[in-house]
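Observations on chain architecture
Residues per chain, in single letters:
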Amino acid sequence: MARKIISKSSLINRKRGSEQAISWRTRFLDQLQKATESATMINALITSIGEGLIIVNEYGIIDHVNQPALDILDYEQHELEGKWFPAMLPIFDKLGNSIPDDERPAIRALLEGKPITELMYYQRKGGKIIPVSSTASPFMVRDKPKGAVVIFRDVSREAQIERAKDEFVSIASHQLRSPLTSIRLFTELLASSAKNRLTKKEHEYIKKILFSTEKMIDLATDYLNISRIELGQLVVTPRPTSLEELIEKRVEEMKPVAAANHVTLEYKSNLTKREEIPLDRDLVGQVIHNLLSNAIRYTGNQSKQKGLVTVNLKRTRKYYDITVADNGIGIPQRARSRIFERFYRADNAVRIESEGSGLGLYLVKKIIEGTGGKISYKSRENKGTAFTICIPLKGME
Ligand code: ADP
């Protein structure tokens, strides 16, 4: 009887066990189906993003590429997936320089742990170079970077429009400069030949014409150089030059402007002998002119204290340091990160000087950094500002 009971319960257990196995199997299949569905869904989503997408793992191997990316780059999926990302997709900057592996946005995004957006140039399968706007974002698993997602789109059309715009600005500002220079020259001639016959008021008028013409020439020169930089057409022509003399000349030219703004302009140098190094005189001249013009404009007539702008040339171990310091309005803390941006002007500067392009410092930085130098500044609001540019002892590159 007892045997009968045991065998009945074991039968029940076995039945339960197989029922459980079936339900686990069903659950497993169910989960598998769900996982497959969500993988298909993710794949469909990745493909339906209108932009190119590449997923790279932490070792720089391409894990996944969506269809728009394949279309833009002209590759088949199997040609890219599983391959070393930098080898398959060389990237370049605007001037055609190859971007080293450790400076690639995907690698930087992984190292810095934040998304990086940049305009750059990708090389397609056939070798053609195309401009792309790309954002590389790191993805983390349990707080550890596991790879990067790169999203990009072909911006050839936008780049064409941008280029056409830069070319237009370049031609227009170049053509504007010649008549403006003539106006300046003839106004100066007129002023000196009619010197004794002009009334005080007429002298004032001539001064104003000259002042406005100078401003327009400065603006046209800034626009011309900026458009050339953007087009990658800025030609640097270094010739043996005495930096000391070059600065001296620019300081002398600015003295009347400083005087008109009630600012004293001083120049000091610690160089013991006249040395000549290869410099592009026009470009260095413009850099000094822009810094001086700012120092004077943002210092003159500002306070009871007398305006003072000093220019200091110093030879250090690797560089010639040129510091232009003033005791003017200073750069507010909130504007610190932006003053080298194109068109940016701090609100305290706009308040005292409504006219200004916000292009001068952008240009100075581009010229100096583009030729192997460095630029930095220190400033305190209402106390003053000092900009320092460092030009390599070997001259401009
Ligand atoms: P602009 O002088 O035409 O506005 P810049 O590009 O030369 O354009 O300068 C950008 C901004 O940087 C200025 O508008 C001003 O806010 C700030 N700045 C530059 N130089 C000085 C200076 N010496 N003192 C105070 N602010 C300055």
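Structure: see above.
Residues numbered from 1 in each chain as written. Predicted model: local features only at pLDDT ≥ 70, side-chain atom pairs only at ≥ 80, totals over all residues. Heavy atoms only, no water.

Topic: helix α9 (residues 281–297)
Our working rule: Think of it this way: any DSSP run of H or I at least four residues long counts as a helix, any run of E at least two long counts as a strand, and we number them from the N terminus. Helix span, expected: 1.5 Å multiplied by one less than the number of residues in the helix. Any pair of N or O atoms that falls within 3.5 Å is considered a polar contact. Within protein, one atom must be able to donate a hydrogen and the other to accept it, and sequence-neighbouring residues count only if both atoms are side-chain atoms.
Compared with the 24 Å implied by 1.5 Å per residue over 17 residues, the 24 Å span of α9 between its first and last C-alpha is a close match. The opening residue of α9 is D280, an N-cap whose side-chain oxygen sits 3.1 Å from the backbone nitrogen of D282.

Digging into the sheet that holds strand β10 (residues 307–315)
Note the following rule: In short, DSSP must find at least two bridges between two strands for them to pair. Working convention: axes come from line fits to C-alpha atoms, limited for helices to the stretch in contact. Angles between N-to-C directions cover 0 to 180 degrees. It only takes one pair of heavy atoms within 4.5 Å for two residues to be counted as in contact.
With mixed pairing, the 5 strands of this open sheet are ordered in space as β8-β10-β11-β13-β12. The strands lining the two open edges of the sheet, one partner per strand, are β8 (263–269) and β12 (374–380). When strand polarity is set aside, the average angle formed by the axes of neighbouring strands in this sheet is 10°. Judged from the 8 bridges that link them, strand β11 (residues 319–326) and strand β13 (residues 384–392) form a sheet pairing that is antiparallel. Residue D326 lies in a different strand from β13, and its bridge partner there is T385. Across the sheet, helix α8 (residues 243–260) touches β8, β10, β11 and β13, and the angle it forms with β8 is around 170°.

What to know about the pattern of salt bridges
Quick reminder of the rule: Criterion for a salt bridge: a side-chain nitrogen of Lys or Arg within 4 Å of a carboxyl oxygen of Asp or Glu. Per-residue accessibility, obtained with a 1.4 Å probe over protein chains only, is compared with the maximum for each type, and a residue is labelled buried under 20%, exposed over 50%, and partly exposed between these values.
Evaluated as defined, the whole model comprises 20 salt bridges. Taking the shortest distance from any N to any O, the salt bridge between R153 and E158 comes out at 2.9 Å. E158 gets classed as partly exposed once you look at its relative accessible area, which sits at 38%. Notably, a salt bridge pairs E253 with R250, separated by 3.6 Å at the nearest N-O pair. Of this pair, E253 and R250 both sit in helix α8, 3 residues apart, roughly one helical turn. Here the salt bridges do not stand alone but share partners, grouping R108, E112, K114 and E118 into one network.

Section: the packing of aromatic side chains
As a reminder, the rule being used: In this scheme Phe, Tyr and Trp rings, the latter by its six-membered ring, pair at centre separations within 6.5 Å, and the angle between planes marks the pair as stacked below 30 degrees, edge-to-face above 60, and tilted otherwise. For a Lys NZ or an Arg CZ to count as sitting over a ring, it must be within 6 Å of the ring centre and within 35 degrees of the ring normal.
Within this structure, the stated rule accounts for 4 aromatic pairs. With a centroid separation of 6.4 Å and 85° between ring planes, the pair formed by F340 and F387 is classed as edge-to-face. Of the two residues, F340 is situated in the loop between β11 and α10 (347–352) and F387 in strand β13; the sequence distance between them amounts to 47 residues. For F340, a relative accessible area of 18% translates into the label buried. Judged by relative accessible area, which is 9%, F387 ranks as buried. Cluster of aromatic residues (ring-pair linked, three or more members): F340, Y377 and F387. R104 extends its terminal NZ or CZ atom over the ring of F85, reaching a point 4.7 Å from the ring centre. Over the ring of F340 we find K365; its NZ or CZ atom is 5.1 Å from the centre of that ring.

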